[in-house]
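Summary of the model geometry
Take a look at the letters that make up each chain.
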Amino acid sequence: MSAPSPGCWAIDLACSRSGVAAPLDTPQFLSPAGAPWLVRYALDPARGRELRARLGSRPWSLWRYRELLPVADFAARVDLGEGGTPLVEWREEARGVSLLLKVEAGNPTGSFKDRGLSLAVNRARELGAPGVELASAGNAALALAAYAAAAGLRCRVALPADTPATVGERCAAYGAEVITSPGTLVDARLRLAQEPRGDWDLSTLREPYRVEGKKTMGLELVEQLGWRYPEWIVYPTGGGTGIVGMHKAFGELERLGLVSGERPRFVAVQMEGCAPIVRAFDAGLSEAPAWESPETRVWGLRVPKALGDFLILNALRQTSGLALAVSEEEVAEVQALAARRRGLLIGPEGAAALAATLRLVERGVIGPGERVVVFQTGHPANYR
Ligand SMILES: *Cc1c(COP(=O)(O)O)cnc(C)c1O
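Not measured: the values here are computed from a predicted model. (Residues numbered from 1 in each chain as written. Predicted model: local features only at pLDDT ≥ 70, side-chain atom pairs only at ≥ 80, totals over all residues. Heavy atoms only, no water.)

1. As for the pattern of salt bridges
A complete count under the given rule lists 29 salt bridges for this structure. Among the salt bridges present, the one from Glu 212 reaches Lys 215, with a minimum N-O distance of 2.7 Å. Residue Glu 212 and its partner Lys 215 are both found in helix 6 (residues 209-224); the two are separated by 3 residues, about one turn of the helix. With relative accessibility at 0%, the residue Lys 215 sits in the buried group. The residue Glu 252 makes a salt bridge to Lys 215 at a minimum N-O spacing of 2.8 Å. With Glu 252 in helix 7 (residues 241-255) and Lys 215 in helix 6, the pair connects residues that are 37 residues apart, well separated along the chain. Each of Glu 50, Arg 54, Arg 58 and Glu 67 takes part in a single network of salt bridges with overlapping partners. (Salt bridge = Lys/Arg side-chain N within 4 Å of Asp/Glu carboxyl O. Helix = DSSP H or I, 4+ residues; strand = E, 2+ residues; numbered from the N terminus. Buried < 20%, exposed > 50% of the residue type's maximum accessible area, 1.4 Å probe, protein only.)

Set out below in structure tokens:
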């Protein structure tokens, strides 16, 4: 019942640190090495041709890549229409470059967190979870609450007390129990641990399936570009599941023979008030020590310590990528520019990514003719 469906090409789980394997049909959280598990697939170019031939008749949601998504019962899945988001052009005529914004705000709860939590909640239900929970800066809580409601699972979310009130109200509207806690995400997680009830923790990278949902961003953008890589991907980085997931997706597409050539250079963007990945990247470290007192109003990026730090840093270095921090003022300026000049209301995390991109264009690091995909990860109304 809980093994992947026959149409899916998944074979097992592998520890991202030691490579040790585990079966797909049992619940797994962190590996014995304390690292995230990643799903492995059996892939070859013949399967790539098969997949490509089938895509033409499939709707534009993340489920079009079902062979690469390990659910047991595809027909019975919870599906709120996640994924299938557009690339919207942003021209910088003066600089001769054209950026592509991957606009994730149209997802069911207004952010790309829906992709990961769709897969994680579907798998939690299939594997027999009594309920689900996580601590979140906002958007993950909204996504979890919505998918848990649709899956008929009990749901509890813990939010830092200064999270905008609308987040907790919307989670409650989905029927979730909402706990608030002083301090950061780390303190909010402790609150859940203080009152354990045996529900599954679906926090970033603590279970293997959120990455699988997030990787569909990489599958989509390569397909949308005509099975070619862009030169750059600029990503507002908190827990980093998107970078880890897209890097994984590119490996899978290469083994399927669906894309080739240089992988895109990843740019991880963080806030000056909470930039553990940028600091570790600049210092040449392979892991990122926790940021002491995170201070930023860009909630999705207020992540002082990422469990997958070594995977993010690895993806940046393997792709000759970069890591950059931007200021609160730059974010506000770019949000105003996008709204007034381009008719786009963008969220603060996406604005951080765009601000970093414009800086790289200004400095000539990104040049004319290069394709750049800039992630716009969530709708600003989620924080109002
Ligand atoms: C969670 C979140 C991020 C950070 O995403 P990661 O994949 O965890 O790095 C960025 N933007 C928004 C809107 C988010 O909700």
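2. Some details on the domain arrangement of the protein chain
Here the protein chain is described as being made up of domain 1 (10-76), domain 2 (87-109 + 209-383) and domain 3 (113-201). One C-alpha centre belongs to domain 1, the other to domain 3; they are set 24 Å apart. Facing 13 residues of domain 1, the contacting portion of domain 3 comprises 10 residues. Summing both partners gives a buried area of about 910 Å² for domain 1 against domain 3, and 65% of it is carried by carbon and sulfur. Together, Pro 27, Phe 29 and Leu 62 form the three largest contributors to the area buried by domain 1 at its contact with domain 3, with a combined 39%. At the boundary of domain 1 and domain 3, one finds 0 salt bridges. Inspection of the domain 1/domain 3 interface yields 5 residue pairs in polar contact (both at pLDDT 80 or more). (Domains from an automatic or database assignment. Contact = heavy atoms within 4.5 Å. Buried area = accessible area lost by both parts, 1.4 Å probe. Polar contact = N/O pair within 3.5 Å; in protein donor to acceptor, adjacent residues only side chain to side chain.)

3. Topic: the nonpolar core
Ranked by internal contacts, the top residues of the largest apolar core, which has 95 residues, are Leu 144, Leu 202, Met 246 and Leu 316. The element contributing the most residues to this core is helix 3 (residues 139-151), with 10 residues. When sequence neighbours within four positions are dropped, the list of residues in contact with Met 246 reads Lys 215, Met 217, Gly 218, Leu 221, Ile 233, Tyr 235, Phe 266 and Phe 375. (Core = buried A, V, L, I, M, F, W, Y, C linked by side-chain atoms within 4.5 Å.)

4. Looking at the site of the ligand
Near the ligand, the surroundings consist of 16 residues, among which Lys 113, Tyr 235, Gly 238, Gly 240 and Thr 377 are the closest. A distance of 2.7 Å separates an oxygen atom of the ligand from a polar atom in the backbone of Gly 238. Here an oxygen atom of the ligand and a backbone polar atom of Gly 240 are 2.6 Å apart. Among the elements of the structure, strand 10 (232-236) and helix 7 are those that each provide at least two residues to the shell around the ligand. (Near = heavy atom within 4 Å.)

5. Re the environment of Pro 27
Note that Pro 27 resides in the loop between strand 2 (21-22) and strand 3 (37-41). Classification of Pro 27 as partly exposed rests on a relative accessible area of 36%. In sequence terms Pro 27 and Pro 59 are 32 residues apart; their C-alpha atoms lie 30 Å from each other. When near neighbours in sequence (up to four residues on either side) are disregarded, Pro 27 contacts Leu 127 and Trp 200.

6. Focus on the sheet that holds strand 10
The strands that make up a sheet pair up through hydrogen bonds in the backbone, lying either parallel or antiparallel. Read across the open sheet, the 6 strands follow the order 4-5-13-10-11-12; overall the sheet is mixed. Here the strands that pair on one side only, and so sit at the sheet edges, are strand 4 (87-92) and strand 12 (322-326). Each strand of the sheet is rotated relative to its neighbour by a mean of 25°, with strand direction disregarded. The pairing of strand 10 with strand 13 (residues 372-376) spans 3 bridges and is classified as parallel. In the strand pairing of strand 13, Ile 233 is matched with Val 373. Its contacts with the sheet put helix 10 (residues 328-342) on strand 4, strand 11 (265-271) and strand 12, and the angle it makes with strand 4 is roughly 100°. (Pairing = 2+ DSSP bridges. Axes fitted to C-alpha atoms, helices over the stretch in contact; angles between N-to-C directions.)

7. Re helix 4 (residues 165-173)
Within helix 4, the full set of buried residues consists of Thr 166, Val 167, Gly 168 and Cys 171. Buried positions along helix 4 lie against helix 3, strand 7 (154-160) and strand 8 (177-181). One or two positions beyond helix 4, positive phi appears at Gly 175, with a value near 95°.

8. Considerations on unusual backbone geometry
Among all residues except glycine, the phi angle is most often negative; among peptide bonds, the trans geometry is most common. With a phi close to 60°, Trp 227 is a non-glycine residue in the positive phi region. Considering the arrangement of structural elements, one finds Trp 227 in the loop between helix 6 and strand 10. Even without glycine at this site, Ser 320 takes up a positive phi of about 50°. Relative to the helices and strands, Ser 320 resides in the loop between helix 9 (309-318) and strand 12.

9. Concerning the pairing of strand 11
Extensive coverage of strand 11 is indicated by the burial of 6 of its 7 residues. In terms of handedness, the path from strand 10 via helix 7 over to strand 11 forms a crossover that is right-handed. (Right-handed = clockwise from strand over helix to strand, strands pointing away.)

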